[in-house]
Amino acid sequence: MADIFVDDGSWAVDTDTVRIIPGSGRDVHELRKTLGALEVPIHAIAGAAFEPARKGGYLRLRLRSGADPLTDIAAGALGAPADPYRLVIPKDRTGVAEYIAAEIRDLLAISPPSGPRDGFLLPGPDLPVTATAGDGTVSFDGARVHIEWTLFAKSAKQAAGPQEFPLSAITGVEWKPQSGVGYGSLRFRVRGEGPTRSSEEDPRCLAWGIQRYGGTTALVAAAVHARLSGRAKETPAPALPPAPASPSASAPPGPDVLIRRLSELGGLHRAGVLTDEEFSAAKQTLLQRISEL
């Protein structure tokens, strides 16, 4: 097992899952805090990478298309601070982050994902889930969507009053972030809804123009999306930069690769990049994998 703990959160990797826990500081996005801890199956992951930056970098997962309702509904438009599969890494922890990314890639090489999926591999946000953004508050309990308007709602929405739709009447859900001078929106497609109106006038739609990420509205969209269909719509996952070439990229790591990794661990430990606890846990994992060859 390998893990990393930083102010932005923690990741723990074992042979079957990557456990992601968001940080609790005020710099951590509300969406990530509300979503909470995630257990990401290794077979739901398409790739992992460490992206260096001037002040450290970012550790990122790329999920398989159709594995996660949140990734599916956001379609690459979820802003970086709100992305639960992105961890901000300070400069003094970059060595650990690179090691974590390599460990995940090794696990994928040993047991690559294959075959069709019957449904999402992650369950989506816990219920009930509620979000407020711009002109309304929306909640979903698994059976019904309920919308209440705020004072910022246009007269057409105020006149329509609170809205409630049973899940059986909803044919689709669309989410997009606020960008530039355009509005962000969370729109529910309802059977027999009539002609489409602007997000500001449509009583089946929340709209926001100031809150850049729409608070936690993407979580409501993901929860509804997860329950409308047992199988994801095939949308491309956000691309990651090409991972550094390694012997494990095309084949499971052999004993020479694992022994070299063990030597690298020792160097990181002596340099102070790995703590005693991190070094001990990672060393035991590698020794076990060497003994199984």
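Looking up the protein chain in an unreviewed UniProt entry gives the name DUF4429 domain-containing protein, with the organism given as Microtetraspora glauca.

Peer 1: Got a sec to walk through the pattern of salt bridges? Specific residues and values, please.
Peer 2: Where side chains of opposite charge bring their charged atoms close, a pairing between them can arise. According to the stated counting rule, one finds 11 salt bridges in the structure shown. Between aspartate 202 and arginine 187 there is a salt bridge; the shortest N-O distance is 2.7 Å. Taken together, the positions of aspartate 202 in the loop between strand 13 (184-190) and strand 14 (205-208) and arginine 187 in strand 13 put the pair 15 residues apart, joining distant regions of the chain. Among the salt bridges present, the one from aspartate 202 reaches arginine 204, with a minimum N-O distance of 3.5 Å. Accessibility expressed as a relative area gives 10% for arginine 204, which makes it buried. Through salt bridges with shared partners, one network takes in Glu174, Arg187, Arg189, Glu193, Asp202 and Arg204.

Peer 1: Account for helix 3 (residues 94-110), naming residues and giving values.
Peer 2: Helical geometry note: an α-helix holds 3.6 residues per turn, so side chains three or four residues apart project in the same direction. Given a rise of 1.5 Å per residue, 17 residues ought to cover 24 Å, and the 24 Å separating the end C-alpha atoms of helix 3 matches this to within 8%. Judged by how many residues are buried, helix 3 sits mostly within the fold: 14 of 17 residues are covered.

Peer 1: Could you give an account of the sheet that holds strand 2 (residues 9-13), with specific residues and numbers?
Peer 2: Spatial ordering of the open sheet is given by 1-2-3-4, a layout of 4 strands whose pairing is antiparallel. Among the strands making up the open sheet, the edge pair consists of strand 1 (2-6) and strand 4 (38-41). Adjacent strand axes in the sheet meet at a mean angle of 10 degrees when their direction is disregarded. Here strand 1 pairs with strand 2 via 5 bridges, running antiparallel. When the bridges of strand 2 are listed, alanine 2 appears paired with valine 13. Of the strands in this sheet, strand 1, strand 2 and strand 3 (17-22) are in contact with helix 3, which crosses strand 1 at around 145 degrees.

Peer 1: Explain the pairing of strand 9 (residues 136-140) residue by residue, including any values.
Peer 2: Burial along strand 9 is one-sided: the face carrying Gly136, Val138 and Phe140 is buried and the face carrying Thr137 and Ser139 is not. Across 5 bridges, the pairing between strand 8 (residues 129-133) and strand 9 is antiparallel. Of the residues in strand 9, the one forming a bridge with threonine 130 is serine 139. The loop that links strand 8 with its antiparallel partner strand 9 comprises 2 residues; one of these, glycine 134, has a positive phi angle of about 60 degrees. Note: strand 9 against strand 10 (residues 144-149), 5 bridges, orientation antiparallel. Residue pairing for strand 10: serine 139 is matched across the bridge by histidine 146.

Peer 1: Can you explain the environment of serine 168? Please cite residues and give values.
Peer 2: On the secondary structure map, serine 168 appears in the loop between strand 11 (163-166) and strand 12 (170-176). Spatially, the C-alpha atoms of serine 168 and arginine 144 are 8.6 Å apart, while their sequence positions differ by 24 residues.

Here is what the cut-offs are and how they apply
Residues numbered from 1 in each chain as written. Predicted model: local features only at pLDDT ≥ 70, side-chain atom pairs only at ≥ 80, totals over all residues. Heavy atoms only, no water. Salt bridge = Lys/Arg side-chain N within 4 Å of Asp/Glu carboxyl O. Helix = DSSP H or I, 4+ residues; strand = E, 2+ residues; numbered from the N terminus. Buried < 20%, exposed > 50% of the residue type's maximum accessible area, 1.4 Å probe, protein only. Expected span 1.5 Å × (residues − 1). Pairing = 2+ DSSP bridges. Axes fitted to C-alpha atoms, helices over the stretch in contact; angles between N-to-C directions. Contact = heavy atoms within 4.5 Å.

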